[in-house]
Amino acid sequence: MSTPFASAAPYYARYRPPYPREFHTLLADRFAFDGSQTVLDLGAGPGTLGLPLAPLADHVYAVDPEPAMLAEGARLAEERGVTNISWLRGDDACVTRLCLPRIDLCVIGRAFRRMDRERVLADLDEVLAPRGGVAVVESLYRPGDPRPAWLTVVEEVRERFLGPGRPGQPGQPGQSGRDDWDDLVDRLAKSPLSRVETHQWDQPVRHTVDQVIGLQLSFSSSGPDRLGDRMAAFETELRRALLDHDPGGTYARTLRIGAAVATRPRR
């Protein structure tokens, strides 16, 4: 059965901003990557996390419940000449049933919020190597963070087509608030992987009109399946509203990226 992300998968692969290079550098240093490591990208989507790590690792296992996401990831890997990724259909409930080798690092993005966190962390404790760990990364929103005016334009168009009350920071679905992030870190600290360190980066991003539109279509809450036969009208209206707001056609913002790295306590 397809998930709400099936129709959004091509837009997700093309328009979601990559995570900052500093995040991948942190992981390579923290887990002493030397080309021999095995990585699990859980809730992988099209490999947003796993693809950049593949050149540093021996093998990456990208696991996602949505076949369309896995197909997009495999396409991107082929385009980039990356051959050491296995694309596996599954979810957080099947970690111990995938017959994986010992995992040196598990990376999880926004999908962690949709997982049974307590169970998946216990399952990961079974498959991780002795010095292995988990890295969870998300876009964060803090009250008082500067919010570009063009995001209000996006919000208004979304509400006209989809109604109010959509999840996520207005105009930026997929962001975690302070309470969500603190809860995530707390759950990690109470798991078998209770040694937790956190990091944050500010990531400047500049979007074209097409990229802003594509980004909205990458969310399950505003993807092609959700919009249906209103999709073309949504694109037209959002393009007009953005250009009316700023005819220059470039829309900047700064994403705050948070990462939590969890390992077993030292003995």
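Counting restarts for each chain: residues are numbered from 1 in the order of the written sequence. At least 70 in pLDDT is required for a residue's local features to be given in this predicted model, at least 80 for side-chain atom pairs to be given and counted, and no such filter applies to totals for whole chains, interfaces and linings, which use all residues. In computing side-chain values, all of the structure's heavy atoms are included and hydrogens and water are not.

A.B. asks: Before we move on, could you go through the sheet that holds strand β5 (residues 128-140) and cite the residues and values that matter?
C.D. replies: Taken in spatial order, the seven strands of this open sheet run β3-β2-β1-β4-β5-β7-β6, and their pairing is mixed. Each end of this open sheet is capped by a strand with a single partner; those strands are β3 (85-89) and β6 (195-208). Taking the axes of each pair of neighbouring strands and ignoring which way they run, one obtains an average angle of 20° across the sheet. For two strands to pair, DSSP has to find at least two bridges joining them. Strands are runs of DSSP state E lasting at least two residues, helices are runs of H or I lasting at least four, and both sets are numbered from the N terminus onward. Relative to β5, strand β4 (residues 103-108) runs parallel, the two being bridged by five bridges. The partner of I108 across the bridge, within β5, is V136. Across the sheet, helix α4 (residues 67-80) is in contact with β2 (59-64) and β3; its angle to β3 comes to roughly 170°. Contacting β1 (38-42), β4 and β5, helix α5 (residues 117-127) crosses the sheet at an angle of about 145° to β5. Axis lines are fitted through C-alpha atoms, for helices just across the contact stretch, and the angle between N-to-C directions can take any value from 0 to 180 degrees. By definition, residues are in contact when any of their heavy atoms lie within 4.5 Å.

A.B. asks: Can you tell me about the pattern of salt bridges, naming the residues and giving the values?
C.D. replies: We define a salt bridge as a side-chain nitrogen of Lys or Arg found within 4 Å of a carboxyl oxygen belonging to Asp or Glu. Applying the stated criterion across every chain, the model contains 16 salt bridges. With its nearest N and O atoms 2.5 Å apart, the salt bridge here joins R240 to E237. With R240 and E237 both in helix α10 (residues 231-245) and three residues apart, this pair spans about one turn of that helix. For every residue, the accessible area obtained with a 1.4 Å probe (protein chains only) is divided by the maximum for its type, and the residue is called buried under 20%, exposed over 50%, and partly exposed between those limits. Looking at R240, the relative accessible area reads 40%, which means it is partly exposed.

A.B. asks: Outline the nonpolar core, supporting the account with residue identities and numerical values.
C.D. replies: We call a set of buried Ala, Val, Leu, Ile, Met, Phe, Trp, Tyr and Cys residues a nonpolar core when their side-chain atoms join them within 4.5 Å. Judged by nonpolar contacts, the single largest core of 31 residues is most densely connected at F23, L27, L105 and V107. Put simply, the parts of the chain that give this core at least two residues each are α2 (21-30), α3 (50-53), β2, α4, β4, β5, β6 and β7 (250-263). Counting 27 residues, the second-largest nonpolar core is a separate cluster that includes Y61, A111, L124 and L193.

A.B. asks: Account for α4, with residues named and values stated.
C.D. replies: To estimate how far a helix should extend, the number of its residues minus one is multiplied by 1.5 Å. The terminal C-alpha atoms of α4, which comprises 14 residues, lie 20 Å apart, in line with the 20 Å expected from a rise of 1.5 Å per residue. For α4, every residue scored as buried is listed here: M69, L70, E72, G73, L76 and A77. Around the axis of α4, the buried residues are gathered within 160° of arc, so they sit on the same side. When the buried face of α4 is taken as reference, the exposed residues oriented beyond 90 degrees from it are E78 and E79. Elements in contact with the buried residues of α4: α1 (9-15), α3, β2 and β3. Its side-chain oxygen 2.9 Å from the backbone nitrogen of A68, E66 forms the N-cap of α4. The positive-phi residue at the C-terminal boundary of α4 is G81, with phi of around 70°. The arc in question is the one traced by the directions running from the helix axis out to the C-beta atoms. Polar contact criterion, stated in full: a pair of N or O atoms within 3.5 Å, where within protein one must be able to donate a hydrogen and the other to accept it, and residues adjacent in sequence count only if both atoms are side-chain atoms.

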